[in-house]
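Commentary on secondary and tertiary structure
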Amino acid sequence: MSAIDTPVAVPAGVNLPIYMDNHATSPLDPRVLEAMLPYFSQKFGNAASRNHSFGWEAEQAVENAREQIAKLIGASAKEIIFTSGATESNNLAIKGIAEMYKERGNHIITQVTEHKAVLDTCKRLEKYGYRVTYLPVKADGLIDIEDLKRAMDDKTILVSIMFANNEIGVIQPVAEIGKLCHEKGIIFHTDAVQAVGKVPVDVNAMNIDVLSLTAHKIYGPKGVGALYVRRRNPRVQISAQIDGGGHERGMRSGTLNVPGIVGLGKACEIAGAEMATEAARLQAMRDHLRNKLESALDYVEINGSWEHRLPGNLNMSFVYVEGESLLMGINDVAVSSGSACTSATLEPSYVLKALGLGDDVAHSSIRFGLGRFNKEAEVDYVADKVIGIVQKLRELSPLYEMVKEGIDLSKIEWAAH
Amino acid sequence: MAYSDKVIDHYNHPRNVGQLDKSSDEVGTGLVGAPECGDVMRLQIRVNPETQVIEEAKFKTFGCGSAIASSSLATEWVKGKTVSEAMEIKNTDIVKELALPPVKIHCSVLAEDAIRAAIGDWKKKNGVGETTGAVAVAAH
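Since we're looking at a predicted model, the values are computed, not measured.

Here the focus is the sheet that holds strand S4 (residues 131-135) of chain A. All names here are of chain A. Reading across from one edge, S2-S8-S7-S6-S5-S3-S4 is the order of the 7 strands in this open sheet, with mixed pairing throughout. Both outer strands of the open sheet, strand S2 (80-83) and S4, are each paired with one neighbouring strand and no more. Going from strand to strand, the sheet's axes swing by 20° on average, the running direction of each strand aside. Note: strand S6 (residues 187-191) against strand S7 (residues 210-214), 3 bridges, orientation parallel. The residue of S7 that forms the bridge with Thr190 is Leu211.

In structure tokens:
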């Protein structure tokens, strides 16, 4: 057998390594950086300083960013609360609502494929006497609205369902969920980290009450995010989780990260202006990647709904090849795997398992996350590289050999390891 | 994960990939692990019936880079050894040679199991000695 790593020609204009993991984080857009720079050393005022021009200048920049963010999601600027990022936004939303509305009820509904920032927050609340329903998802990764209806009772105070999944890119029926929540008088929070700036989000049209977003997934800086909190119909109240100077309408104390906030605002402005063309371009590249891989390889599977999906997401399993060894063979391409071997837990992705995937298929999954700065030529390179490595690793795979010989792998008595 | 150069070398240039004739009396086959766990190793040995020396070894592995490297190394190490010498190979030796990170130690355990399973299979076929602890599939 020849070497695993067979060279693939690098197309003109392509620089290695290639970044194709934009669900994890995204590079800062140079236009965002440019907007941020003056706020580090020249316009360095504290936005809470009300008695001099340094403070006013910073406050003005923050209010401008609030407008930019609000505009992207159809909100008003007063409804935007700044945080350190999506994890904090999710914690603040869920804990803050649980605490504020505990007289009304103690029941929360979420779903099994949420990000850990939501799941672990809910688990903590269970320790404090809250009841949490974790809705299952169908094989396509979507929740069943009927399940949601059935789970709601007169003690339900909050439904937290993510807009788009970070692994499989599947977009939940958010407008339907929002409508149902409003009919029942239940607050609807959505972790929209992966969706904002990628697909249209409108908090009013979709009846979203509370929404988490973060800058670094939309070509903004890390360490800054926001929480949208509805001010009317209904007016949502959130109990602060950090005590201090009463910043951000008393919901989140702490000196504002002005440069970061300016960056988040600018990132939202750019995303709003370019969303339509960018989504079309990413989708075309993503589809090209899928087609190329599928036409060259057998036993590949798409994970999650294809129709209800972020334009830049492709989550595929290359069955009979283990994900981490695949990543090793494409070490000049940055992607992620749902395989356990990339984590310390040895458990494959809980999101993929929730779709009903066998552990073996989950171990074989790769997430490609295309973003603003990917080029078409990169997609061709990545596809060729993946095809080559998968073929080589399958030559090495006893499972692939057995399947090709017609052996039913499910009939073998494997020893649990 | 930052791997040692040896792991990367075995991954890029796996030794002794392939299969031996399972039905031959001279061949022992060990198949260990499970697809759900993300690792399946098949290690085969061909033993000289006169000398009990392992003259040939082949493997195929579904698994991460450490699993591939561990099984590739195992085939190199068993070759030229007698069956009883090969039984002495310990997973800790594999860990040391490949400088496996702690989270990947199970890959070396699997390789040790694969060696023992292959030898166990050969012994069973040839009615040699007791298969002390060495069964076709070793669980742990």
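Residues and elements named next belong to chain A. Between its first and last C-alpha, helix H4 (residues 86-100) extends 20 Å over 15 residues, near the 21 Å set by a 1.5 Å rise per residue. In terms of burial, H4 is largely enclosed, as 11 of its 15 residues are buried. Every buried residue of H4 is accounted for by Ala86, Glu88, Ser89, Asn90, Asn91, Leu92, Ala93, Ile94, Gly96, Ile97 and Ala98.

All names here are of chain A. For helix H7 (residues 174-184), the set of buried residues is Val174, Ile177, Gly178, Leu180 and Cys181. Buried residues along H7 cover an arc of 165° about the axis, so they all sit on one side. Packed against the buried residues of H7 are helix H6 (145-151), strand S5 (156-160) and S6. Count one or two residues on from H7 and you reach Gly185, which has phi positive near 70°.

All right, on to the pairing of strand S3 (residues 54-62) of chain B then. Residues and elements named next belong to chain B. One ladder, built from 8 bridges, connects strand S2 (residues 39-47) with S3; its direction is antiparallel. Across the sheet, the residue bridging to Val47 is Ile54, located in S3. In sequence, S2 turns back onto S3 through a hairpin of 6 residues, with Gln52 there showing a positive phi of about 60°.

With that settled, consider empty space enclosed by the protein. Within the structure shown, the criterion is met by 2 cavities of 30 Å³ or more. Considered as a void within the structure, the largest cavity measures approximately 110 Å³ in volume. Forming the boundary of the largest cavity are 13 residues, of which His23, Lys198, Leu282, Gly312 and Leu370 of chain A lie nearest the centre. Tallied by class, the residues present in the lining of the largest cavity amount to 5 nonpolar, 7 polar and 1 charged. By volume, the second largest cavity is sized at about 30 Å³. Lining the second largest cavity are Tyr320, Val321, Glu322, Ser325, Leu393 and Ser397 of chain A together with Thr61, Phe62, Gly63 and Ile68 of chain B.

Here is what the cut-offs are and how they apply
- Residues numbered from 1 in each chain as written.
- Chains lettered and ligands numbered in written order.
- Predicted model: local features only at pLDDT ≥ 70, side-chain atom pairs only at ≥ 80, totals over all residues.
- Heavy atoms only, no water.
- Pairing = 2+ DSSP bridges.
- Helix = DSSP H or I, 4+ residues; strand = E, 2+ residues; numbered from the N terminus.
- Axes fitted to C-alpha atoms, helices over the stretch in contact; angles between N-to-C directions.
- Expected span 1.5 Å × (residues − 1).
- Buried < 20%, exposed > 50% of the residue type's maximum accessible area, 1.4 Å probe, protein only.
- Arc of directions from axis to C-beta.
- Contact = heavy atoms within 4.5 Å.
- 1 Å grid on protein atoms, 1.4 Å probe; cavity = no way out; pocket = protein on both sides within 12 Å on 5 of 7 lines; lining within 4 Å.
- Points joined across faces, edges and corners; volume = space filled by probe spheres on them.
- Nonpolar A, V, L, I, M, F, W, Y, C, P; charged D, E, K, R; others polar.

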